Amino acid sequence: MLIGKVIGTVVSTRKHEGLVGLKLLIIKPLNARSRHQDLVAVDNIGAGTGETVLVTTGSSARLAIDNPRAPVDAAVVGIVDNPAGVSSG
């Protein structure tokens with residue numbers, strides 16, 4: 001899992017049937033030591049641009065959206081209300 005900031009959205013006119021109805025967000029990890037660069041994550045909890053979010057990756061991401069067959073590798077699982085102590089590196 002990682003903490004990141006939503007820096008934008010992805011608009012797609014065509015997508016895999018497992019992604020229909022799901023919003024795609026661009027996430028910038030806030031941990032300077034993160035092995036991740038900016039990534040695209042599925043969002044089904046309603047996060048928006050500028051918010052600090054908690055993201056899960058790997059097979060856990062598919063479970064987070066209740067579709068273990070969807071082609072998902074990252075999913076937003078929480079919105080951080082008070083990002084105190086989270087540094088942008």
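Residues numbered from 1 in each chain as written. Predicted model: local features only at pLDDT ≥ 70, side-chain atom pairs only at ≥ 80, totals over all residues. Heavy atoms only, no water.

**Considerations on the pairing of strand 2 (residues 23–29)**
Consideration 1: By the bridge criterion, six bridges tie strand 1 (residues 2–10) to strand 2 in an arrangement that is antiparallel. Note that in strand 2 the partner of V6 across the bridge is I27.
Consideration 2: Pairing between strand 2 and strand 3 (residues 39–43): five bridges, direction antiparallel. The residue of strand 3 that forms the bridge with I26 is V40. (Pairing = 2+ DSSP bridges. Helix = DSSP H or I, 4+ residues; strand = E, 2+ residues; numbered from the N terminus.)

**Some words on the pairing of strand 3**
Consideration 1: Summarising burial for strand 3: four of the five residues are buried, a large majority.
Consideration 2: Across two bridges, the pairing between strand 3 and strand 5 (residues 74–79) is parallel. Bridging across to strand 5, V42 finds its partner in A75. (Buried < 20%, exposed > 50% of the residue type's maximum accessible area, 1.4 Å probe, protein only.)

**So, the pattern of salt bridges**
Consideration 1: Tallying each qualifying case throughout the model produces two salt bridges.
Consideration 2: Residue D43 pairs with K23 through a salt bridge whose shortest N-O separation is 3.5 Å. With a gap of 20 residues between them, D43 in strand 3 and K23 in strand 2 connect regions that are remote in the sequence.
Consideration 3: On the accessibility criterion, K23 (36% relative accessible area) is partly exposed. (Salt bridge = Lys/Arg side-chain N within 4 Å of Asp/Glu carboxyl O.)

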